[in-house]
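# Secondary and tertiary structure notes
The chain contents come next:
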Amino acid sequence: MAKRLIVQDYLQALLKMNETINSYLPFWNQGQGGNISLKSESIIAIKPTGFRLDQLRGWDDFATLNFLDFAIELKNLAQSSSSTLLYEKAYSDLIAQARDRSGSAHRASMEVGFHIFLPATYVCHFHHLNSVLLAELIDQGNAKDFLIKWGHDLAVVPYIRPGWELTQYFINNSVRAPIILMRNHGLLLQMNGLADFRRFEEFDKDLKKFLGEVLAADLHQKEREVKERDITAPFRFYFPDLAIFEEKLKSFLKSEGNEFSMDYDRQPPLDMIENWQAIVYLSQLMPQLSTLSPDEVEELKTTPTELARMREIAKGVKA
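Residues numbered from 1 in each chain as written. Predicted model: local features only at pLDDT ≥ 70, side-chain atom pairs only at ≥ 80, totals over all residues. Heavy atoms only, no water.

### What about the packing of aromatic side chains?
- Counted under the stated rule, the structure contains 18 aromatic pairs.
- Look at Phe 146 and Phe 203: their rings are 5.6 Å apart centre to centre, the planes differ by 65°, and that puts the pair in the edge-to-face class. Of this pair, Phe 146 sits in helix 7 (residues 144-150) while Phe 203 sits in helix 9 (residues 194-214); the two residues are 57 residues apart in sequence, bridging distant segments of the chain. Summarising the burial analysis for this pair, Phe 146 and Phe 203 share the class buried.
- Members of the aromatic cluster, joined through ring pairs, are Tyr 24, Trp 28, Phe 126, Phe 146, Trp 150, Phe 197, Phe 200, Phe 203 and Phe 210.
- Above the plane of the ring of Phe 235 lies Lys 250, whose end atom (NZ or CZ) is 4.8 Å from the centre. (Phe/Tyr/Trp six-rings, centres within 6.5 Å; stacked < 30°, edge-to-face > 60°. Helix = DSSP H or I, 4+ residues; strand = E, 2+ residues; numbered from the N terminus. Buried < 20%, exposed > 50% of the residue type's maximum accessible area, 1.4 Å probe, protein only. Lys NZ or Arg CZ within 6 Å of the ring centre and 35° of its normal.)

### Comments concerning empty space enclosed by the protein
- This model, assessed by the stated rule, comprises two cavities of 30 Å³ or more.
- Estimates place the volume of the largest cavity at around 140 Å³.
- Forming the walls of the largest cavity are 19 residues, and the residues nearest its centre are Gly 34, Asn 35, Met 110, Glu 111 and Arg 309.
- Looking at the lining of the largest cavity, the elements that each hand over two or more residues are helix 11 (240-244) and helix 15 (304-314).
- Considering only residue class, the lining of the largest cavity consists of four nonpolar, 10 polar and five charged. (1 Å grid on protein atoms, 1.4 Å probe; cavity = no way out; pocket = protein on both sides within 12 Å on 5 of 7 lines; lining within 4 Å. Points joined across faces, edges and corners; volume = space filled by probe spheres on them. Nonpolar A, V, L, I, M, F, W, Y, C, P; charged D, E, K, R; others polar.)

### A look at the confidence of the model for the protein chain
- Summarising the model, the protein chain shows a mean pLDDT of 92, and 96% of its residues fall at 70 or more.
- Residue range residues 1-5 is modelled with pLDDT below 50. Its contacts to residues more than four positions away, or to other chains, number eight contacts. (pLDDT = per-residue confidence, 0-100. Contact = heavy atoms within 4.5 Å.)

### What to know about the packing of helix 6 (residues 129-140) against helix 13 (residues 270-285)
- Helix 13 packs onto helix 6 with a crossing angle of 35° between their chain directions and a minimal axis gap of 10 Å. Of the two elements, helix 6 crosses helix 13, and the hand of that crossing is right-handed. Residues Leu 129, Asn 130 and Leu 133 of helix 6 touch helix 13, and the partners they reach there are Ala 278, Tyr 281, Leu 282 and Leu 285.
- Grouping the constituent residues of the contact of helix 6 with helix 13 by class yields six nonpolar, one polar and no charged. (Axes fitted to C-alpha atoms, helices over the stretch in contact; angles between N-to-C directions. Left-handed = near helix turned anticlockwise from the far one by under 90°.)

### Remarks on the environment of Leu 77
- Of note, Leu 77 is situated in helix 3 (residues 67-79).
- With 13 residues separating them in the primary sequence, Leu 77 and Ala 90 have C-alpha atoms 7.9 Å apart.
- Residues contacting Leu 77, with those up to four places away along its chain left out, are Tyr 87, Ala 90, Tyr 91, Leu 94 and Trp 164.

### A short note on the side chain of Asp 204
- Along the chain, Asp 204 turns up in helix 9.
- Of note is the side chain of Asp 204, whose polar atom sits 3.4 Å from the side chain of Trp 28.
- Once residues within four sequence positions are removed from consideration, Asp 204 is found in contact with Trp 28 and His 128. (Polar contact = N/O pair within 3.5 Å; in protein donor to acceptor, adjacent residues only side chain to side chain.)

### Focus: helix 8 (residues 164-172)
- Of the positions making up helix 8, those classed as buried are Trp 164, Leu 166, Thr 167 and Phe 170. Along the axis of helix 8, the buried residues cluster in a sector spanning 165°; they form a single face. (Arc of directions from axis to C-beta.)

### Quick notes on the sheet that holds strand 1 (residues 35-40)
- Spatially, 3-2-1-4-7-6-5 is the arrangement adopted by the seven strands of the open sheet, whose pairing is mixed. Only two strands of the sheet have a single neighbouring strand rather than two, namely strand 3 (63-66) and strand 5 (154-157). Shown here is a sheet whose adjacent strand axes are inclined to one another by a mean of 15°, direction ignored.
- Strand direction decides the pairing type here: strand 4 (residues 122-126) and strand 7 (residues 186-191), joined by five bridges, are antiparallel. Bridge pairing in strand 7 places Tyr 122 opposite Met 191.
- Against the sheet, helix 3 touches strand 1, strand 2 (43-46) and strand 3, its axis set at about 70° to strand 3. (Pairing = 2+ DSSP bridges.)

Listed below in C-alpha cells is the structure:
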C-alpha cells in the first residue's frame, strides 16, 4: 500500500537528484553520510541508516514509515522533561518502533526527524565540502559579495549534534530557505521539484568560483590533486562522521609526525578513502577551518542513534 501512495514520478525525480550528488564524490558526500527523502500523502521514504547514497536505486532500497504519526510522537517527546541522553535513547527507540509498525525492511536514517519537519516534498542532506567552507566565511563576515546574489536562498544553522538535538532544532524553528548551511556538517536542500535542484547546481558553480577567488585557489585543480595524489594532512574533525569513524579511518592511515596519509597497501574501503579525501581537501583550502571540540567528538561516539547506525553497518547492511 505504501508503494502505491508514492507517485512513481516523485521517486524518479529523487533518484535523479541522488545520481547527481553521487557524481561528485567525495566533494559532495562521503561514505555512509548524508540522507535523502520524499514525502507523499502520509508516507516518508528515506535512506536507511548504514547505507551509502549511491546504493539507493529503487523503492526497495528505502526505509518507509508514516510520518504523520511519527511527527506527533516527536512533538510529544520534545514537550517532555528528561536528560539529553534519555531524549536521545527515546528518539532512537521511536525510530525502531516506527520501523516495526510500517513493516519496512530497513531502519530509517537517524536524521528522519528533521526530514519530517522540513515542509518540502524532497529533502536532501549531504556533506557538501564547499558549503562547510562557505559557512565558515559567513561566520567570519567574509562572504558578503556572495550573499548579494544568494543570501535570500540561504539559511545558516550552528553546529548541532545529529540525532535528537538536530531534530528538536527543526521542531522549534521554522526554516524555509531552500538551501540550509549546517556549520561543521554540510547542507540541507528542501525542494518541491527538479527545478529547485537545478537552482542548487547553479549555486554550487557560483560558490566554487567565489571560493576560488577568496581562497586564491584553483578548486578544480585541488579536486584533481586530492583524488590523484597521496597528500599528507593533519587529522581533524571537520564534521560528525569523522568522529564516528575515527578509529576505523585511522587504521588505514600511516603517521608522519603530526601528519597522516592514506596507506593504500592496507586496502582501505571506498568509505574511508572518501572521508580522508574530505579531510585533505578542507585542510588544504582552509587550514584554520573550525573543527568539532573534543567534548563534541566524544558525545557523538556515545549517541544512541549513532550506535544504532554502527550496529546496522556491523550487520553488513549494504555497507
